[in-house]
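A closer look at the structure
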Amino acid sequence: MADEPTTRADHARDAAVAAALGKLDLDAKARLLAGQDMWSLPALPEIGLASLVMSDGPIGVRGVRWTADDPSVALPSPTALAASWDPELARRAGRLLAQEARRKGVHVLLAPTVNLHRSPLGGRHFEAYSEDPYLTGEIGTGYVLGVQDGGVGTTVKHFVANDAETDRFTVDNLVAPRPLRELYLAPFEAIVAGARPWGIMAAYNQVNGSTMTEHRYLQNDVLRGEWGFDGYIVSDWLAARSTVGALLGGLDVAMPGPRTVYGEALAAAVRAGEVDRSAVDDAVRRVLLLAARVGALDGAPAAVTEPPAPVDGEALAREIARRSFVLVRNEARDGRPALPLDPANGTIALSGAAARDARVLGGGSATVFPDHIVPPLDGLTAALPPGRLTYAIGADPSDELADADQGFELTAVCRDAEGRILGTASVPGGRLQWAGSDLPDGVTHDTLHSVELTGTFTPRESGEHTFGTRGLGGFRLTVGGAVLFDGFQAPGPAADPFEEFFGAPVERARAALTEGERVEVSLLHTVFKIPDAPISAVALSLLHLGPRHDPDELIAEAVEAARTAAAAVVVVATTESVESEGFDRENLRLPGRQDDLVRAVAAVNPNTVVVVNTGSPVELPWRAEVAAVLLSWFPGQEGGGALADVLLGAAEPGGRLPTTWPAVLADAPVSKTTPENGELPYTEGVFIGYRAWERAGTTPAYPFGHGLGYTDWEYETIAATPSEARVRVRNTGRRAGREVVQIYLAPVVDAEADPDRVERPARWLAGFASVEAAPGESVEVTVPLRRRAFEIWDETAGSWSYVSGTYEVQAARSVTDRRLTALVEAADRTP
Ligand code: BGC
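This report concerns the structure included in the present document. Quick caveat, the model's predicted, so the values are computed rather than measured.

This paragraph deals with the site of the ligand. Near the ligand you find 14 residues, and of these Asp56, Arg124, His158, Tyr204 and Asp236 are the closest. Within the contact set of the ligand, an oxygen atom lies 2.8 Å away from a side-chain nitrogen or oxygen of Lys157. Residue Arg168 places a side-chain N or O atom 3.5 Å away from an oxygen atom belonging to the ligand. Against a free-state accessible area of 310 Å², the protein chains account for coverage of 97% of the ligand.

Below, the structure is given as structure tokens:
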């Protein structure tokens, strides 16, 4: 467990930090504030300081290399974790991640992401928790506590208002003080208060005219001054733009290195009198404190000396997945709900490309490389008696090139300009991403001239296979001894410096290949160095797309299997080119012919269950035509096993929606993510998510908080005061279950009596708690209500203001399914 504030260990750490600081000269201090490479800070042996190592990111710990050589446990997406509505489960996830970090020599995890689901189009929606700031703060607090229980630092990100990806390096998000405080800052504030995170990451974007890495008001005045945050602030990667501006704005560390605005530039700025030495000392002190906390500073007691008991990563990944799946629809068929399925009834016809090649995590910096993935097909095959499952692709969501993963065995061979081999490495999924010092042993950016991805490919289907590349520089592609492409990819005018890393796929060649017949494959890449690049990087992918089939035939095949089956399970999904870091979505449609597949299967099988394998909302235009809809998010490496548990009833789906699912994008009250003239005004104020849906009076496909289990609940009694709600619920179904009791606070407004009142949402989430009960059992739960739940940010006074008056305390199963209410008179009380 992390120590409480101002313990003896805190004093000892402060003393060790002060002593270490006193021994450093200006140049060493300036050096410590700048990355030495992509992921670490320099060691300073003269003060017993080890190199501090950071790593992404929310659902796993990648370590300092983009390689599968040292695999990472991949947990379900952050949206999924939030769908559990269980901060304690988030804490257990955090403890596992700390264990993973320690195993990989990582001191600081670059997570959690606590930006909000402002627009369903946000490209990193899957990586953030919720549209609700309170739920986000609770889950984030659990997560941070868990990681830090294990003695590993967290970096709560991205501070602040990085709620979309379009023009993320430059966009100026214009957010009025009230929504800034009540929505976007709120999770950060809650986590600082509840978990004392050791780090915060400053976002790329601007807020109200100042870029976040230089935002003196938000970083120094609010975060440190008002909230008492005592950790370090690190820039998002390449977000620091000015030496003096960033230091004065409160930024401690500029990442990545070695070319940053700190280091030598900072020492020079101090010597030129542009910044005070004391500002540098303050930043260094905070970095040394971080080092002390994680045990990287000799003589300072680490915050955790005995990490918690080891966690079984696979078991936890599967448990979180089960607990996160949201059953949004489960219609009765033949007198009983469609789910769970009863395998005794006959065969199950599974379809959907993602049932075989599951999408288990979102793209971008959150990517990790698990040592195995359990797709739905494998999970169900393992759980069902032989012969009870059929599989047909049905529809492939992607006709795009994807990383050469399935059937490829590739090694990267690094050579110098003379063709001498410098080193080799494995290449997970045909993708290679090396930045800074993240290079195979024996290889340096200076000596590296070419990288050859070489090995074999065993097709799982006969037909015309398409190959492509991602990355900049020279490419020569050879398949089965024939050179299919030899050319050069020049950089585009892209503004995003991560273009190389997450760049666009380009088709290069096609080859007719036979199922099961292994062919030699080589992609020879001549390294291209971007002039003036802030970091040296080598990034390329071999891409592949299997033979295309007539989409109508694929659907027909799945329909034939479904026609005679007892039940049909269709897995639909987005692709990496739809949901990933670096761009926002254009629409909420499922790619390819997946909607047609669902409709066609549902037309022949009344027991059609659709599993939605996406990180964020998609339109489900057929939802009323199918028996059941289960949202499985990006379920992590054990997703297929968890899916079998839930579909077959070994466990109930435990999730509740952390975000409203629109029926169609056009209904979403807030969706725009494209800035105009560099600005994105948050004109909706405090009305995002369900707050906005309720105000607009529009009905979504599925409301915030919604989710069904496998039993029924009756809400029996409620008693409330302004500081707590007590609710009794009874499990009236036939199996044990778990219920998330949600407490909303709705102000009782007398518009006539108070015409000048500040407009507030109709209601907001003020608390929640989970209960478990056996069939017939009733359980009482007490949910504390915080003072803050009754407050608004007073823009005139620049402070929180308690709004006295009558409130309805509502106990609910979702924001729209409210079961019991009690009135309370809230009068101002001391905090
Ligand atoms: C992302 C951060 C991430 C960092 C390092 C950035 O592009 O925005 O979330 O931690 O890269 O990978």
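For the bond from Ala111 to Pro112, the omega torsion is 5°, close enough to zero to count as cis. Mapped onto the fold, Pro112 is located in the loop between strand 2 (108-109) and helix 5 (133-149). Note the cis peptide between Gly257 and Pro258, where omega equals 10°. As for its placement among the helices and strands, Pro258 is situated in the loop between helix 9 (243-248) and helix 10 (264-271). Phi is positive for Arg196, which is not a glycine, with a value near 45°. Looking at the secondary structure, you find Arg196 in the loop between helix 7 (186-195) and strand 6 (199-202). The backbone of Asp334 shows a phi angle near 50°, a positive value even though the residue is not glycine.

Looking now at the sheet that holds strand 24 (residues 519-527). If you trace the six strands from one edge of the open sheet to the other, you get 17-16-19-24-21-22, paired in antiparallel fashion. One side of each edge strand has no neighbouring strand; the edge strands of this open sheet are strand 17 (421-426) and strand 22 (482-489). Going from strand to strand, the sheet's axes swing by 15° on average, the running direction of each strand aside. Across eight bridges, strand 19 (residues 450-457) lies against strand 24 in antiparallel orientation. Its bridge partner being in strand 24, Thr456 is matched across the sheet by Glu520.

The next point concerns the nonpolar core. Grouped together as the largest cluster of nonpolar side chains are 170 residues, with contacts concentrated most on Met54, Phe159, Val160, Trp237, Tyr262 and Leu288. At ten residues, helix 11 (residues 277-293) tops the list of elements feeding residues into this core.

In strand 9 (residues 232-235), alternate side chains face the same way, and those of Tyr232 and Val234 on one face and Ile233 and Ser235 on the other are all buried. Looking at chain direction, strand 6 and strand 9 are connected through four bridges and run parallel. Across the sheet, residue Met201 finds its bridge partner in strand 9, namely Val234.

Turning our eyes to something else, we now look at the pattern of salt bridges. For the coordinates displayed, the defined rule picks out 58 salt bridges. Notably, a salt bridge pairs Asp10 with Arg13, separated by 3.1 Å at the nearest N-O pair. Of this pair, Asp10 and Arg13 both sit in helix 1 (residues 8-22), separated by three residues, roughly a single helical turn. In terms of burial, Asp10 and Arg13 fall into one category: buried. Note that Glu791 and Arg788 form a salt bridge whose closest N and O atoms lie 2.8 Å from each other. Owing to a relative accessible area of 11%, Glu791 belongs among the buried residues under this scheme. For Arg788, a relative accessible area of 27% gives the class partly exposed. If you follow the salt bridges from partner to partner, you end up with Arg124, Glu127, Glu165, Arg168 and Glu581 in one network.

About the criteria used
Residues numbered from 1 in each chain as written. Predicted model: local features only at pLDDT ≥ 70, side-chain atom pairs only at ≥ 80, totals over all residues. Heavy atoms only, no water. Near = heavy atom within 4 Å. Polar contact = N/O pair within 3.5 Å; in protein donor to acceptor, adjacent residues only side chain to side chain. Areas by Shrake-Rupley, 256 points an atom, 1.4 Å probe, with all protein chains shown as cover. Helix = DSSP H or I, 4+ residues; strand = E, 2+ residues; numbered from the N terminus. Pairing = 2+ DSSP bridges. Axes fitted to C-alpha atoms, helices over the stretch in contact; angles between N-to-C directions. Core = buried A, V, L, I, M, F, W, Y, C linked by side-chain atoms within 4.5 Å. Buried < 20%, exposed > 50% of the residue type's maximum accessible area, 1.4 Å probe, protein only. Salt bridge = Lys/Arg side-chain N within 4 Å of Asp/Glu carboxyl O.

Honestly, it's all geometry; don't read function into it.
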